[in-house]
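# Reading the structure
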Amino acid sequence: MVVIAVLCCSSVAYAHHSFALFDRSKLITLTGTVREWKWANPHTWLTVVVRKADGTDEEWALVGSSPNMMIRWGWNAADIQVGDKVMVDIHRARDGRPIGELHTVFLPNGKVEADPGGQSGEALAGGPTHLPSKPQGEPYK
Amino acid sequence: MKPTPVSLLRDDPALGLRGCVCALVALVLASLPHDARAAAVAKSKDELAKTWREIAALPDFWQGTWQSVSPIADDFPTPPDYTPSALQYIKSYKPVEDSPFANCKPLGLPFVMNIGGMPMKFFQSPGMIALYIESSGMTRFIHTDGRVHDALPNPTFLGESIGHWEGDTLVVDTTGFVPETLFQMGKLASKALKQGDPSPLSGVIFGPHGPHLRLVERMRLADFNTLEIQTTIYDDTVFKRPYSLPPRRFIRGIERRNEPQEWACTDNRDFFDPTTGKLEYNSKDKAQSR
């Protein structure tokens with residue numbers, strides 16, 4: 001389902017995004033603590049520290065859409081604070097580096113926000129229509 | 001030598017019927033002062049009121065904003081008649097692996113109109129239409145005061161735009177570009193593409209445009225909620241004859257969410273490296289030069 005959605009709608013709106021770097025066919029779910037939340041154009045960046053199964057910490061840098069696009073999909077810069085425990089569905093880099101593309105963020109207060117990147121012009125102008133209630137990706141450990 | 005707008009209009013078969021009228025208009029206009037240094041005269045209160053009334057009767061491009069619903073890349077359904085040098089360029093062209101605009105450098109025309117993701121908004125004032133393009137944070141200034149192009153426009157990313165109305169169609173004629181504006185000169189055949197490549201830029205041929213690149217855009221409302229912009233490209237270093245692209249479509253948004261926003265581009269962690277043709281990533285150096 002996710003794959004179909006991504007492929008069908010990717011013709012518009014990845015204005016400044018990288019296209020080949022991330023594997024859009026898969027979602028993984030990170031659980032971690034926010035180290036940085038950069039609300040800036042052309043892209044937002046969410047840095048999350050993930051404690052792995054072996055006890056080590058790993059820093060993930062996640063690129064999101066532009067603040068302009070995210071505002072139109074209900075985001076606010078203040079929604080994410082450093083130190084927040086979050087779950088994040090992402091498309092990770094194909095080359096294995098701990099970087100990824102934001103898909104959906106699940107905040108500690110229960111708020112769910114989807115990244116509008118890759119959506120059609122109609123969806124961008126119209127706002128999000130469906131938000132998942134829980135992470136959809138394969139848990140990253 | 002730089003061709004005059006009138007001779008170029010006559011070269012375009014789609015505009016041929018209007019050639020005579022345009023020539024007459026151009027003759028009249030040529031007698032008017034159009035030098036940038038010429039003194040402008042302020043309108044009287046009555047003249048201004050009359051101009052605003054005329055503006056009120058124009059097609060409604062003004063309410064809300066316009067969001068692109070066309071693919072980022074232009075399609076070239078009719079094979080362009082390329083010059084030998086353009087053919088040579090295309091033969092050795094390697095498709096970009098990634099977005100060539102993953103940084104804060106302005107795109108300029110023509111490709112700035114293709115980006116979408118964020119809307120654009122028209123503003124009108126006597127003698128000028130402004131078009132704010134959020135995805136670049138830049139505003140096009142389209143002069144509608146009847147001037148003709150400067151003999152030597154100073155080159156810019158958005159060029160020098162002059163507009164006039166032909167019925168309900170706003171015709172915008174633009175020239176005077178810097179060499180580095182992003183220019184799509186064609187599209188690779190689908191068989192040359194990687195199967196299943198989801199990139200909206202797959203197959204795009206970006207390339208250099210000539211110093212006399214000129215665009216004629218025809219902007220019209222297909223219906224209240226749909227704006228169409230059809231662009232014809234004049235560049236004799238690339239196309240032997242002017243190339244008319246299919247119209248691009250935009251939908252109107254009038255909710256608050258659709259209002260225009262500031263675009264300040266300040267964070268360049270990922271960037272396109274033209275030397276490698278790859279998107280590079282640098283999470284540590286936020287002051288990444290472009």
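Rules of the game
In this convention, every chain numbers its residues from 1, walking through the sequence in written order. Throughout, the order in which chains and ligands are written sets their labels, letters from A for the former and numbers from 1 for the latter. Local features are withheld for residues below a pLDDT of 70 in this predicted model, meaning they are given only at 70 or higher, and side-chain atom pairs are given and counted only at 80 or more; totals for whole chains, interfaces and linings count all residues. By definition, any uninterrupted DSSP run of H or I lasting at least four residues is a helix, any uninterrupted run of E lasting at least two residues is a strand, and each is numbered from the N terminus. Burial is judged by counting other C-beta atoms within 10 Å of a residue's own C-beta: 20 or more means buried, 12 or fewer means exposed, and anything between counts as partly exposed, with every C-beta placed from the backbone. Contacts are defined on C-beta atoms placed from the backbone: any two residues whose C-beta positions lie within 7 Å are in contact. In this usage, the nonpolar core is the set of buried Ala, Val, Leu, Ile, Met, Phe, Trp, Tyr and Cys residues whose C-beta atoms join them within 7 Å. Expected span, for any helix, means 1.5 Å times one less than how many residues it has. Note on pairing: DSSP must find at least two bridges between two strands before they are called paired. Confidence scores per residue from the predictor, reported as pLDDT, run from 0 to 100.

This part takes up the overall build of chain A. Along its length, chain A carries 3 helices and 7 strands. Counted from the first residue to the last, chain A has its helices and strands arranged as α-β-β-β-α-β-β-β-α-β. Of all 141 residues assigned to chain A, the portion counted as buried reaches 45%. Counted over contacts in chain A with a minimum sequence separation of 6, partners at least 24 positions apart contribute 62%.

Here the focus is the overall build of chain B. The helix and strand inventory of chain B stands at 4 helices and 14 strands. Counting all 290 residues of chain B, 33% fall into the buried class.

Here the focus is the nonpolar core. The biggest cluster of nonpolar side chains holds 45 residues, and the ones touching the most others in it are L109, V112 and L131 of chain B. Those residues in contact with L131 of chain B, other than ones at most four positions away along the chain, are M120, F122, T139, R140 and I142 of chain B. If you look at the next biggest cluster of nonpolar residues, it comprises 17 residues, including V34, A61, V63 and L102 of chain A.

Further remarks concern helix 3 (residues 45-56) of chain B. Relative to the 16 Å expected for 12 residues at 1.5 Å per residue, helix 3 of chain B spans 17 Å between its end C-alpha atoms, a close match to the ideal helical length. For helix 3 of chain B, the tally of buried residues reaches only 0 of 12 residues, placing the bulk of the element at the surface.

Residue and element names in this part refer to chain A. In terms of strand pairing, strand 2 (residues 45-51) meets strand 3 (residues 57-63) through 7 bridges, oriented antiparallel. By the bridge assignment for strand 3, V50 is matched with E58. Linkage of strand 2 to strand 3, two consecutive antiparallel strands, is achieved through a turn of 5 residues, within which G55 is found at a positive phi near 90°. Sheet topology note: the strand 3/strand 5 (residues 99-106) ladder contains 3 bridges and is parallel. For V63, the partnering residue across the bridge sits in strand 5 and is E101.

Residue and element names in this part refer to chain B. Residues T65 and Q67 point to one face of strand 1 (residues 65-68) and W66 and S68 to the other, with burial holding for every one of them. The pairing of strand 1 with strand 12 (residues 248-253) spans 4 bridges and is classified as antiparallel. Paired with T65 across the two strands is G253, which belongs to strand 12.

Attention now goes to the environment of L58 of chain B. Residue and element names in this part refer to chain B. Looking at the element boundaries, L58 is found in the loop between helix 3 and strand 1. According to the C-beta neighbour criterion, L58 is partly exposed, with 14 such atoms within 10 Å. In the structure, L58 is positioned 83 residues away from F141 in sequence and 18 Å away in space, judged by C-alpha atoms.

Our focus in this paragraph is the environment of Y243 of chain B. Residue and element names in this part refer to chain B. The topology assignment puts Y243 in strand 11 (residues 243-244). Along the chain, Y243 and L221 lie 22 residues apart, while their C-alpha atoms are 22 Å from each other. Those residues in contact with Y243, other than ones at most four positions away along the chain, are P80, T232 and I233.

Here chain A averages 85 in pLDDT, while 86% of its residues score no lower than 70. Throughout residues 1-16 of chain A the model reports pLDDT below 50, and contacts reaching past four residues in sequence, or to other chains, amount to 43 contacts.

Quick look at the confidence of the model for chain B now. All names here are of chain B. Here chain B averages 82 in pLDDT, and 72% of its residues register 70 or above. Under a pLDDT of 50 for its full length, residues 1-31 has, in the predicted model, 24 contacts with residues more than four places off or in other chains. Across residues 283-290 the pLDDT falls below 50, and counting only partners more than four positions away or on other chains, this stretch makes 13 contacts in the model. Scored as a whole, the predicted complex attains pTM 0.82, and scored at its interfaces, ipTM 0.81.

Residues and elements named next belong to chain B. Along the chain, the position of I129 falls in strand 3 (residues 128-133). Since 22 C-beta atoms lie within 10 Å of it, I129 is described here as buried. It is 22 Å that separates the C-alpha atoms of I129 and L152, two residues lying 23 residues apart in sequence. Beyond its immediate stretch of four places on either side in the chain, I129 contacts F122, Q124, I142, T144 and G163.

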